[in-house]
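Okay, here's what each chain looks like letter by letter:
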Amino acid sequence: MIKQAIIPLAGLGTRLLPLTSVIQKELLPLNGKPNLEYIMEECVEAGIKQFIFIVPKDRPTIKNYFFNDSFYTKLIKKKKDKKLKKIFQRIKKYQKMIKFVYQNKPNGTGAAVLKCKKYLKDKHFLMLLADDLIVKKNCSKEMISLHKKTKGSVIATRKVERRTVSRWGILGVKNKKKHSFSINSVIEKPKLKEAPSNYAIIGRYILPKKILSVLKNQKKGKGGEIHITDAIKTLIERGEKFYGNIFKGKYLDSGTLESYVNSNLIISKL
Ligand code: G1P
């Protein structure tokens with residue numbers, strides 16, 4: 001069973017400056033609710049029981065967001081407002097589910113996962129990148145059911161325009177079915193001529209705990225970061241089974257100011 005979800009939250013959010021100089025990008029509201037909460041709702045609905053948030057020690061905003069009890073109790077006492085109570089309950093229900101792990105340098109998703117070592121209990125876990133929202137259909141649920149069927153690791157994927165392959169991790173495709181395929185290679189942000197397909201990694205992964213031992217010895221990759229993609233590549237080369245889940249929902253990118261505004265428009269119409 002997949003019960004734990006890792007969410008790396010230590011990125012600087014430079015593509016969303018100047019907003020991200022004062023607020024973490026994952027807390028920016030989409031139609032009145034932070035994108036992080038959409039991701040958490042997706043996880044809870046898919047059966048996740050524990051979140052491991054990887055945050056920088058010197059940026060307590062996410063901790064404050066979920067653990068601001070005295071702020072709410074004072075305000076509720078003063079205003080006696082039912083709406084406030086409801087908001088507090090919505091946030092509070094997550095308190096028992098969240099563990100914080102610290103990553104002080106934003107040196108990549110692989111480095112972030114390695115920090116979670118002592119908390120990971122089961123053979124597989126889910127990892128989600130909070131920039132990548134998938135709405136209308138629960139992608140984590142689809143992935144967990146593909147994992148149950150295949151017993152392998154799973155990566156969420158969609159076709160992207162060929163000219164944009166260098167923006168994504170790209171998958172090599174084998175035995176393609178309507179909504180899934182076997183992954184036979186992976187490359188982080190390839191040049192067009194190096195790309196094995198135009199199926200891109202979208203930020204959802206079901207990974208085996210054994211990836212930790214690969215990450216421990218992994219050298220820095222593109223941009224000087226430890227990428228999870230490079231560790232996945234090593235595992236595939238060692239014969240570990242990975243499957244692409246061509247998700248059915250709608251993908252919303254909120255990593256740039258332009259796409260963030262567009263995502264707001266789409267979500268408000270759902
Ligand atoms: C990360 C991953 C990349 C993936 C992308 C999806 O890149 O490294 O493989 O395709 O997320 O959003 P980033 O967006 O951090 O550059």
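Up top is the structure.
Residues numbered from 1 in each chain as written. Predicted model: local features only at pLDDT ≥ 70, side-chain atom pairs only at ≥ 80, totals over all residues. Heavy atoms only, no water.

Asker: Account for the pattern of salt bridges, naming residues and giving values.
Answerer: Under the definition given, this model contains 11 salt bridges. In this structure, Arg15 and Asp131 form a salt bridge, with 4.0 Å as the shortest nitrogen-oxygen distance. Placement of the pair is Arg15 in the loop between β1 (4–8) and β2 (29–30) and Asp131 in the loop between β6 (124–128) and β7 (132–135), with a sequence separation of 116 residues. Residues Lys141 and Glu45 are paired through a salt bridge, measuring 3.8 Å at the closest nitrogen-oxygen approach. You can see Lys141 sitting in helix α6 (residues 139–150) and its partner Glu45 sitting in helix α1 (residues 35–45), a full 96 residues away along the chain. Here Glu45 falls in the exposed class, since its relative accessible area comes to 52%. Through salt bridges with shared partners, a single network forms among Arg15, Lys25 and Asp131. (Salt bridge = Lys/Arg side-chain N within 4 Å of Asp/Glu carboxyl O. Helix = DSSP H or I, 4+ residues; strand = E, 2+ residues; numbered from the N terminus. Buried < 20%, exposed > 50% of the residue type's maximum accessible area, 1.4 Å probe, protein only.)

Asker: Summarise the site of the ligand; cite the residues concerned and give the values.
Answerer: Lining the immediate surroundings of the ligand are Arg15, Leu129, Asp132, Arg167, Trp168, Gly169, Glu188, Lys189, Ile201, Tyr205 and Thr229. Here an oxygen atom of the ligand and a side-chain polar atom of Asp132 are 2.7 Å apart. In this structure, Gly169 approaches the ligand through a main-chain N or O atom, which is 3.0 Å from an oxygen atom. In isolation the ligand has 380 Å² of accessible area, and contact with the protein removes 83% of it. At a threshold of 2 Å from the grid points, most atoms of the ligand map onto the largest pocket. Residues that form the shell around the ligand fall into these classes: four nonpolar, two polar and five charged. (Near = heavy atom within 4 Å. Polar contact = N/O pair within 3.5 Å; in protein donor to acceptor, adjacent residues only side chain to side chain. Areas by Shrake-Rupley, 256 points an atom, 1.4 Å probe, with all protein chains shown as cover. 1 Å grid on protein atoms, 1.4 Å probe; cavity = no way out; pocket = protein on both sides within 12 Å on 5 of 7 lines; lining within 4 Å. Sits in = over half its atoms within 2 Å of the grid points. Nonpolar A, V, L, I, M, F, W, Y, C, P; charged D, E, K, R; others polar.)

Asker: Can you lay out the packing of aromatic side chains for me, pointing to particular residues and giving the numbers?
Answerer: Under the criterion given, the structure shown has 11 aromatic pairs. Relative to Phe53, the ring of Phe51 has its centre 6.0 Å away and its plane inclined at 45 degrees; by these criteria the two rings are tilted. Taken individually, Phe51 and Phe53 each receive the classification buried, so the pair is uniform in this respect. In textbook terms, an aromatic cluster arises when at least three aromatic residues are bridged by ring pairs, as seen for Phe51, Phe53, Tyr65, Phe66, Phe67, Tyr94 and Phe100. (Phe/Tyr/Trp six-rings, centres within 6.5 Å; stacked < 30°, edge-to-face > 60°.)

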